Structure formats: C-alpha cells, structure tokens
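Inside the fold
The primary structure of each chain is shown beneath.
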Amino acid sequence: MSLSPLQLCLLFSSALFCVGLIGALSRSNTILVLLGIELMLNAANINFIAFWRFGPAPAAGTGVVFVLFSIAVAAAEAAVGLALVIAVYRHQKNIRLQEANRLKG
Amino acid sequence: MTLAFLAIAFVTVAAAAVAMALRNLIHSALLLVFNWAGIAAFYLWAGAEFVAFSQLMVYVGAVSMVVLFAVLLTQRSPQSFREQPDSISRVIGALLVGGAVLGVLFGAVLSSRLAPSAATATPTISVKELGSLLMGPHAAALLIVGVILTVTLIGAVIIASTDHAESGKDES
Amino acid sequence: MNLSVQYLWLIPALPLLAAGIGALTPRSGKAIAAGATIGAMGLAFVLSCGALVTALKDPAAHLVANFTWFELGHSAVRLGWLLDPLTALMCVMVTFVGLLIFIFSTGYMHEDANFTRFFCFLSLFAAAMLGILIANSLLLLFISWELVGLASYLLIGFWFHKPAAAAAAKKAFITTRIGDLGFLLGMLWLSDATGSLLFYDAGKGVLETSALTALVTQTTVGGLAVSTAIGLLLFCGAAGKSGQFPLHVWLPDAMEGPTPVSALIHAATMVAAGVFLIARVYPLMSADQAIATAPLHALSVVAAIGAITALLGAVIAVAQNDIKRILAFSTVSQLGYMMLALGVGSWVAAIFHLLTHAFFKALLFLAAGSVIHAAHHEQDIRQLGGLKGPLKVTFATFAIGMMALAGVPFVFSGFWSKEAILHAAHGWNVSHLPFYAGLVAVVLTAFYMTRLVAEAFFGQARSPASEHAHESPAVMTVPLVLLAICAVLLGFLGTPYWPWLQHTLDPKFHSEPGGGGLMVTSIVLVALGIGSGWAVYGRRLRAKASAPDPIEAKVPDLFAALAARLGFDELYAATVGRLNTFLADAADVFDRYIWDGAVRLLAGLGQFTGNVTRETDENLVNGGFDATSEQLKSTAKTYSRAQTGDTHGYLMLVALGFVLLVLAVMLGGTR
C-alpha cells in the first residue's frame, strides 16, 4: 500500500496530536498539561499546511494565513495559561491540576 | 524528499513523546523546544517559509521562554525539578483513551478517499502575497487578532501580578 | 589526498558532531566525550590537509561552492563555502593546534567533574571557528562569529561558581558584542549596497571588481567612500574579537577560564577571527586606496589602532604579576602587530604572524598551564621561582616559546614573521609612527618575557606550592614538545630568502629589497630587551615572594598605574557604566511619576464613577433580582453535581466522545 504525501502528513499530525493528548491526560503538572494542549494545537497547524501544500486548491494561501492566526492565538493562550499557572501556584503552593478544583459545585 | 519528511516526523514525534514521559520538567520543556523546531522544519519542507519562521520566533523563541520561566517560578526547591510520580491508573486510562483516538484518526486517514493526487507543482507564496492577503481579505481577522493579543498581554499581567496589599497581609 | 570544495563543510561539521555527542554523554562518560572530540578534530585535521593540497594546485584561484539556503518570496538567501590558500592554511593551523590543545586538556581537566561538558564546549568552539574560515558569505561568517562568541562565553565562565569567572565571561561577551554591532551594521549596509553577501560569486560577489568599483564611487557622510564606511564598521567587529584598543579590556580577564581555553582563545580560535576577517575582506578594506583624495582610508585607521594596541599591550604586560595575564597582554600586543601589518598593506605578513603566533602562543599557554598544574594552581610569578629544576620539559618548551615571542633571531619563527611586519611598516608611505611603535614594542616584548622566565623558573622556590612542583604527565608534555618544534620550524616557510608562504597566499607578492639593515636594527633591539630584562631581574633574583619589584622600587607610581592596566576598566565603569545607570534611573523616574500619575488619575475617575453606579444599583435594581437569583441558585446546585472539578476527567470525556462520534459516523454509514 502506498501512501500519498498528504496521508503521510496527516498521519504525522495525528501521531503528534495523540502524543499531546496522552500527555495532557496523564500528567498532573499543569504546565505539562498546557504543553500537551500546545502540542495538539501544533498538530492542527500541521494539517492546515498539509492541506495547503497537497490539497486541491493550494493557490489561495488560506492555509498559511490560518496557521499564522493560529500561531498568534496559541501564543496568547500560552501566555494566559502560564500566567494562570503562576497565579494558582501562588494560591495553593503547588500546580497539581487535580487539586485546582475550588470552582467545582 | 519523502525521506527528509520521515526523518523530521520521526524526530519530532519522538521528541514530543519523550518530553511527555520525562519526570524532569526542565528536560521536558527543552525537548518540547526541540519538537517545535522540528515542526518548523516540517513547514520549511512543505514550502511555507514564512510560517516556519513565525513558528521559530513564536514557539522556539518566545513561548519556550515563558514556559521555562513558569517552570522555574513554580518550583519550591531549586535543586529538584522532578515531579511526583503520576497515578498509574490515570496513566493507563490516558494511554487507552489516547490510543483509541489515535486508532480512530489513523483509520479515518487510511480509509479516506484522499487518493494519491497527481504531483502538482509546489505551491509557493511570497511574503508580499501573504502581506496583501493579510491586509486585504483577512484584514478584519488581523485586527481582531491584534485586539486579542493586547487583551492577552494585559490579562496575563493582571493574573500573574501579586496583589501587594493582600500578600502583605498573608505574610504578616 | 584531495578535498574538493563541495565537501569543505565536513571540516566544521565533524567537531560540531563531536560537540553534540559530548552534550549527550553522561558525566561518567569521560572517555567517550574526549575520544569523540579528539577523533573528530584529528579527522578534521586530515581533511584540512586535503583541502590544502587542493588549494595549492592553483593558489590564485578562489574555489567556491554556493547554494541557496532558503527563499523568502522573491529574494533568496545564499551561502557558500570558499577554498583558497588562506582558508586552507588557517584550517590546518586551527585543527592542528586545536588537536594538541584537546589532548593537553585531557590531562589538565582530568579531575574536573564537568569534564564532558568542557569537551563539548571546546569542540563547539573549534567548529564555530572553522565555520568562520570556510565561509564564502558574510552572513555565514557572522553566524559562526556569534557562535564563537557564545562558546567563548561558556568556556570563560566554565568555572561559573567563581564570581570572577562569571564576571569575566559576561565582560568578554558584552565587550565583543559592542564590536559585533558594528559588524552587523556593516553587513546590512553591504547587503543593501550590493544586494549580495557572498564573497566570490562568479563576478557578482562583494569582493569582486564590479561590486568594489560601485562601492568606492559612492560617497556617504563626510565624503567617505561607502567602502571605507563599511570597512570601518566591519573593523569594529574585528577589533572586538581580536582585542584591539579600545575594546581590549575583555582579553586579559578571559584568563579566568581553564588554561586550555586561554590557549585556544589566544592562539587558534577567537582572537584570530578578527585578523582573519580583515584579511578575508581585504579587497574591500583596501578598495579606497585607489582614490588618493579620500579624507580617510580604512586601512590607515586599522594601522593606527594596531600600533596603539601593540604598544599599549606591551607596556602593560611589564607590570603584571600573574603568569597568564602577562601572556594575555602579550597577545593583545601581538594582535596589534597583526592589525598593524594589515593596515600598512601587507595582509600576507599579518597572516604569517598569525600562524606563527598561534603556535608559540598555544605553546606558551599550555606550558603555563603545565606550570600551574604542577604548582597546585599557583599563578603568581612572585610565588613561583626555581621551577627550572623539577619541570625540565616544561621549562625547555616555555623557553622556546618565549624566544619565539621575543623574536630571537634566525632560528625562531616569531623573528621572521615580526620581521616581515616591521619591514612592511617601514615601507608604508603614509606615516612612520606605527613603525616606531612596533620597534618600541619589540624591546618591551623581549624585556617582559625575560622577566617572566627569570621570575618563574630561575632562583629558588618562594612558596610551598612551587617547592613541591612535579612534572606533568606525558599527555600534557608531548603536545608541548610538538608545538615547540612547530614554533621553531614554521618560520622557515616565510623567510625573505624563500617566501613560500607569501607567494602561496598572494601570488602577486614580491619581496622588496633592503631588509638587511632593518634586520640588524631589530636584532639589536631584541638583544637590548633581553639584556636589560636579565640585568634587572636575572642577576639579582628575587629572594622572597613579598620583595618589591625592582621597577616598582624605582618608580612606584608608574608601576602601580601599569599594574592597574592604565585604568581602562575603571574608565569604562565610570563612563559607559555610569551612563547606563543614569539612563535606567531616568527611565525609572519617568515611569514612576509621569506614567504612574496618569494611570492613577484615570483610576480615580473610574473609582468615582463606580461609586455613583453602586449607589443607584444597590437601592434600585437589586431588590428585584435577589428573589430571582435565589431560585437560580437552587437550580444550579442540582446541576453543579456534574462539575467534579477534575479537569483530566473532562478532557478524557471529550476525547472519548470524539471517538464515539467518529465510530458512529463511520459504522453508521451516514456520510
């Protein structure tokens, strides 16, 4: 079975996505959970580029533009997320995610 | 060509996997920087140079620094960046769920009708074209992103800043 | 064996690979790290020899291999490798000296806990320097240049737990960075003016005729030709890296690093980079010589700075007491010589001196390292003494290095290369001042080197450390002997009677007659220096460590000023440091009072509005809502049971839901 380059790229991004997902699910350190989510975002960006490069209508350049926006928003997300981590740390002196549950009902 | 892609993909995924498995937070963060650089290499391979440089600057340059700062600021003892071991049951659950998602995604990709398309010419997009795209059709989105970034900047500072009066009370 | 230019990148790539291996080796893997580093360097040496063979086939040719690094829109960034005799000779020198220094280091750093890290950095340092040498693009050269800066920072501050070492590393990094700013500006300007950064590119490179004529004919502020301005900016970078006045202050402090690092910095890698840069862009530097009416020639500045540095370094070296610091200032002085040679138009002489200097300075530093190792890390020459007996090999090799540096005639290499420089300076038709500065520095060099040898090796041991000195192991003395042999033999490649090196580097070179009288003069001056040094220090040997220096006893003020290095560090602290502090203070005041005031005013307004709204709110609106919210609250309590607060659980449910959805769609067949 021969795989087209597009399928290879998609497999690559799915693998990265799942690594991020497993990391986010299994680790208790909030920073690592955030990094896992960051990985999942990156995997999505890879899909955009892959479809832009090998997809049916590459000339539009939409994929590239979308990835640029996505990177900008991801940077914002990382900044806020890590600021939250620091704020949480200041309150409860650790950053274990399962202990940050004061908002539960 | 494909070989280069396979090498990049392997190194990137391996770096991510090891980063997620390591106990030492600093090592994890550094490996993730490596992983991001690998993704930038993928963009370069795919011909999206500008995105590759954005990725390098934003992730490898900026986000990595923020992450490292966060790691350093949230360690109580500077000697040890080691984590408590995570609970085994959750790790197993995570692996099961992640594996299920992986299986579904792989199945979907492999069974899809994305037939090997005829080798089309590599699409290129110059920085100039990209600029006119951003300032033309996508101008509204660009403005919104600008606002989001500003709000984020202010928000992050406010969330992370100490409340002087309150912390003073706590310490006294 | 030949090495074609396409594979030239292997030379820096091998040490880089070794650095990677060193970085990944755990601390206990000393043998792996050292073996990889030394093996890679040895292989790089063999390849460099192959490159030399290729380059010597046609010394006038500049073999290039250019390629496109990446394309950004319509413009492409191109890099390339360049192979000519200059590159090849420098590569051979760097790899050979580097190899010996690495071997020496295995003995010197044997007991250090961070042995593998040290070799990783050393290898990175050598790789970066080799990158500078083979670059055919100013951009690639700049990248390697900055890597050299980084590696030097890491190595000077290798013992970073010592505050002095950490400070010295920062000082070296920041001082060279000031020069690098000039380099960067010059590079940008050059790229803007010519549209290329490649040195040689089939007629389109920046060092080829068409670009140079364009650069010379344009003028900029003050009537300077553009080539002059760019040349001077590039020279800023070279002055920073090569420790030229006024940016020489970092070089002596760089002694805080381990001694093999000092040897590497002073001989093979870092300081040679600046001289090499000027030699590499020499066509650009000398382009403005064609216009006689130019207000300033770039090379004149180079010559003046070189002459000042040569003199300054030699004068300060006279009054230093630390064995490594004396050698450091002698490096400053010798680099001044090289710049002087470049400035007066004889880049061939500069490279000749660079090569010979690399060998005997590496020899001197490694021998000093051997002394320090033997004397239990005692570096003060007043505390040493009497080492001639126990350290026979070290003494013999150090003496050879000292005589090469001082320029003892006929046998030692330093004599011939220094002679070539003085000869060129004598023939400079602009001014004779640099020539006289060079002559004075010859006397001073011979004088302080005699002082160093007399104090450290003769007489009797003046401290317990030097009494119990023992000879270093063979892994340290064998490199010394090899270097000593080279320090003697290398001079014969470029004597006026058989100027092989000069012809190889520059096929247009022709030796000028009339060197005999000059040679006699400099022999007399060297004899004067050594004689006076021996008369002052050698005949009446220091009896105990606390006895004052003979010169100090005669003119204490002068000696103290020299010992304090003429106050350059204090001057910089008082001017640059102050200015920086002042600017920071001003910014602080501005922030604190002006911006803060505005923010506070706005905040006050906001608070006032808030108060007004609260009054209306509490009294008018609230009552009605209270009842509604009570009801909402009880409903919410019921629903909130689903909110467990377990973020992992939420995420897991999302993922599982995704899987189920996809399965439902795929198995259900409702596409």
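Just so we're clear, the structure is a prediction, and the values are computed from it rather than from any experiment.

About the thresholds
- Residues numbered from 1 in each chain as written.
- Chains lettered and ligands numbered in written order.
- Predicted model: local features only at pLDDT ≥ 70, side-chain atom pairs only at ≥ 80, totals over all residues.
- Heavy atoms only, no water.
- Helix = DSSP H or I, 4+ residues; strand = E, 2+ residues; numbered from the N terminus.
- Buried < 20%, exposed > 50% of the residue type's maximum accessible area, 1.4 Å probe, protein only.
- Contact = heavy atoms within 4.5 Å.
- Areas by Shrake-Rupley, 256 points an atom, 1.4 Å probe, with all protein chains shown as cover.
- Axes fitted to C-alpha atoms, helices over the stretch in contact; angles between N-to-C directions.
- Parallel < 35°, antiparallel > 145°, perpendicular 65-115°, else oblique.
- Left-handed = near helix turned anticlockwise from the far one by under 90°.
- Nonpolar A, V, L, I, M, F, W, Y, C, P; charged D, E, K, R; others polar.
- Salt bridge = Lys/Arg side-chain N within 4 Å of Asp/Glu carboxyl O.
- Polar contact = N/O pair within 3.5 Å; in protein donor to acceptor, adjacent residues only side chain to side chain.
- Core = buried A, V, L, I, M, F, W, Y, C linked by side-chain atoms within 4.5 Å.
- Expected span 1.5 Å × (residues − 1).
- Buried area = accessible area lost by both parts, 1.4 Å probe.
- pLDDT = per-residue confidence, 0-100.
- Phe/Tyr/Trp six-rings, centres within 6.5 Å; stacked < 30°, edge-to-face > 60°.
- Patch = residues over 30% accessible without salt bridge, like charges linked within 9 Å, V, L, I, M, F, W, Y side chains within 5 Å.

On to the overall build of chain A. When helices and strands are tallied, chain A shows three helices and zero strands. Residues classed as buried in chain A amount to 63% of the 105 residues present. Looking at chain A alone, contacts between residues at least 24 apart form 59% of all its contacts between residues at least 6 apart. As displayed, chain A has an accessible area near 3,700 Å², and 70% of this comes from carbon and sulfur atoms.

Now for the packing of helix H1 (residues 5–26) of chain A against helix H2 (residues 25–46) of chain B. Running from N to C, H1(A) and H2(B) cross one another at 165 degrees; their axes reach a closest spacing of 13 Å. Between H1(A) and H2(B), the crossing angle belongs to the class labelled roughly antiparallel. Read as a crossing pair, H1(A) and H2(B) show a hand that is left-handed. Along the contact surface, H1(A) presents A:Cys9, A:Phe12 and A:Leu16, while H2(B) presents B:Asn35, B:Ile39, B:Phe42 and B:Trp45. Residues belonging to the contact of H1(A) with H2(B) are distributed by class as follows: six nonpolar, one polar and no charged.

Turning next to the interface of chain A and chain C. The interface of chain A with chain C comprises 12 residues on the first partner and nine residues on the second. If you look at where chain A meets chain C, you find zero salt bridges. Viewed at the interface, chain C and chain A are joined by two residue pairs in polar contact (both at pLDDT 80 or more). Across the side of chain A that touches chain C, the residue classes break down as six nonpolar, four polar and two charged.

Next up on the list: the nonpolar core. Grouped together as the largest cluster of nonpolar side chains are 208 residues, with contacts concentrated most on C:Leu138 and C:Leu342. Ranked by the residues each element gives to this core, the list is headed by helix H15 (residues 347–374) of chain C, at 21 residues. The contact partners of C:Leu138, leaving out residues within four places of it in the chain, are C:Phe183, C:Met187, C:Leu190, C:Leu197, C:Phe199, C:Leu234, C:Leu277 and C:Val281. Counting residues in each nonpolar core, the second largest holds 66 residues, with A:Val64, B:Ala9, B:Trp36 and B:Phe42 among its members.

Below, the discussion takes up helix H18 (residues 433–457) of chain C. Over its 25 residues, H18(C) runs 36 Å from end to end, which matches the ideal 36 Å to within 8%, given 1.5 Å per residue. Counting buried positions along H18(C) gives 22 out of 25 residues, so the element sits mostly inside the fold.

Let us look at the interface of chain B and chain A. Taken together, the contact between chain B and chain A spans 79 residues of the former and 68 residues of the latter. For the pair chain B and chain A, the summed buried surface comes to about 6,500 Å²; carbon and sulfur atoms form 77% of the total. The interface formed by chain B and chain A includes zero salt bridges. Run the count over chain B and chain A and you get eight residue pairs in polar contact (both at pLDDT 80 or more). Looking at the side of chain B that touches chain A, the elements with two or more residues in it are helix H1 (2–21), H2, helix H3 (49–73), helix H4 (88–111), helix H5 (127–135) and helix H6 (139–160) of chain B. Of the residues belonging to the side of chain B that touches chain A, the class tally is 55 nonpolar, 18 polar and six charged.

Moving on: the confidence of the model for chain C. Chain-level pLDDT for chain C is 81 on average; 93% of the residues reach the 70-or-more range. The complex model carries a pTM of 0.69, and its ipTM stands at 0.86.

Residues and elements named next belong to chain B. Relative to the helices and strands, serine 64 resides in helix H3. On the accessibility criterion, serine 64 (3% relative accessible area) is buried. Each residue touching serine 64, except ones within four places of it in the same chain, is listed here: Val33, Trp36 and Tyr59.

Quick look at the packing of aromatic side chains now. Counted by the stated rule, this structure contains 23 aromatic pairs over all chains. Judged by centre distance (5.0 Å) and plane angle (35 degrees), the rings of B:Phe5 and B:Trp45 are tilted. Taken as a pair, B:Phe5 in helix H1 and B:Trp45 in helix H2 lie far apart in primary sequence, 40 residues in all. Both residues of the pair, B:Phe5 and B:Trp45, count as buried. Between C:Phe104 and C:Tyr108, the ring centres sit 6.0 Å apart and the planes meet at 20 degrees, which makes this aromatic pair stacked. Taken as a pair, C:Phe104 and C:Tyr108 lie in helix H3 (residues 85–108) at a separation of four residues, close to a single helical turn. The class for C:Tyr108 is buried, based on a relative accessible area of 9%.

Here we come to the side chain of C:Thr95. As for its position among the elements, C:Thr95 is in helix H3. Residues contacting C:Thr95, with those up to four places away along its chain left out, are C:Met41, C:Ala44, C:Phe45, C:Ser48 and C:Leu130.

All right, on to a nonpolar patch on the surface then. All names here are of chain C. A cluster of nonpolar side chains, contributed by Val393, Val478, Val481, Leu482, Ile485, Leu489 and Phe492, occupies part of the molecular surface with about 540 Å² of accessible area. Top element by residues in the nonpolar patch is helix H20 (residues 474–489). It accounts for five residues. One can find leucine 489 in helix H20.

All names here are of chain C. Within the secondary structure, methionine 476 sits in helix H20. Taking the C-alpha atoms as reference points, methionine 476 and glycine 107, separated by 369 residues in sequence, lie 5.9 Å from one another. What methionine 476 contacts, discounting residues up to four positions off in sequence, is Phe104, Gly107, Tyr108, Ser370 and His373.

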